[in-house]
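Residue-level listing of the chains:
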Amino acid sequence: MGQKAGLRLTRHIVLVGMMGAGKTAVGSETARRLGVSFIDSDAAIEAAAAMTISEIFARDGETFFRDRETQVLSRILHGPPGVVSTGGGAWMRPENRALIREYGLAVWIDCDLETLWQRVRQRPTRPLLQTPDPKGTLATLIQTRSPVYAKADLVFQSRAGDTVEAASTRMIDMIQTSRPDICERTAR
């Protein structure tokens, strides 16, 4: 894919954060605007396994899934720079954080509980939320994971009411301002 907007991506932009934060939606729009590839690591895992993530969790367990996730993430990050959306738990593993730091820029999409709940509550495809109290489980996951997500290179605050396009514009602006080495301006 050719570069657009007079920008050249020098490293992967890797989006981390909770399920439902908007990593896939904002990531795909950001990639489109930058003229680079977009890869959803969960979709890549499903394609490689020829199974859904829920099926992998049910058949092989979370540890097996997390090991495959690291393998797929490594393969993705060894490719040309693009925008990568990771699963909610990917950033929790130290080996994944090391991989992402080596090949990319980690951006945490920070999103509040109510917004996340509105986005994920009707989706039966979230294996970690298949509990008697899914909203409570989600709140616990946020509380547990947020300190680790905060280790990302940049924090992007999700805003209620933002369109995908507005969020993408804010994200590109934030990266250009905070890390101009990642999105270099090119001569037109």
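Being a predicted model, the structure only gives us computed values, none of them experimental.

Enquirer: Help me understand the overall build of the chain, please; the structure alone is not making it clear to me.
Expert: When its secondary structure is counted, the chain shows 7 helices and 7 strands. Walking the chain from its N terminus toward its C terminus, one meets helices and strands in the order β-β-α-β-α-α-β-α-β-α-α-β-α-β. Relative to the compact-globule value of 16 Å for 188 residues, the chain shows a C-alpha radius of gyration of 16 Å, a close match. Considering only residue pairs separated by 6 or more positions, the chain has 76% of its internal contacts joining residues 24 or more positions apart. Working note: accessible area of the chain is about 9,000 Å², and carbon and sulfur atoms make up 54% of it. A gap of 3 Å separates the mean positions of the 25 positive and 21 negative side-chain charges of the chain.

Enquirer: Teacher, can you tell me more about the nonpolar core here?
Expert: A general trend in soluble globular proteins is that nonpolar side chains are found buried together. Residues I13, V107 and I175 are the most contacted members of the largest nonpolar core, which totals 53 residues. Of all the elements, helix α3 (residues 53-77) adds the most residues to this core, at 8 residues. With sequence-adjacent residues up to four places away left out, I175 is seen in contact with I13, L105, V107, L154, P180, I182 and C183.

Enquirer: Would you mind going over the packing of aromatic side chains with me for this structure?
Expert: When we look at a pair of aromatic rings, we describe it by the centre distance and by the angle of the planes. Throughout the structure, instances matching the rule amount to 2 aromatic pairs. Here the aromatic rings of F57 and F65 are separated by 5.1 Å at their centres, their planes lie at 45°, and the arrangement is tilted. On the accessibility criterion, F65 (2% relative accessible area) is buried. With 5.7 Å between their ring centres and 35° between their planes, W108 and Y149 make a pair best called tilted. Of this pair, W108 sits in strand β5 (residues 104-110) while Y149 sits in helix α6 (residues 134-149); the two residues are 41 residues apart in sequence, bridging distant segments of the chain.

What counts and how
- Residues numbered from 1 in each chain as written.
- Predicted model: local features only at pLDDT ≥ 70, side-chain atom pairs only at ≥ 80, totals over all residues.
- Heavy atoms only, no water.
- Helix = DSSP H or I, 4+ residues; strand = E, 2+ residues; numbered from the N terminus.
- Rg over C-alpha atoms; globule rule 2.2 N^0.38 Å.
- Contact = heavy atoms within 4.5 Å.
- Areas by Shrake-Rupley, 256 points an atom, 1.4 Å probe, with all protein chains shown as cover.
- Lys, Arg positive; Asp, Glu negative; His and termini not counted.
- Charge placed at Lys NZ, Arg CZ, Asp CG, Glu CD.
- Core = buried A, V, L, I, M, F, W, Y, C linked by side-chain atoms within 4.5 Å.
- Buried < 20%, exposed > 50% of the residue type's maximum accessible area, 1.4 Å probe, protein only.
- Phe/Tyr/Trp six-rings, centres within 6.5 Å; stacked < 30°, edge-to-face > 60°.

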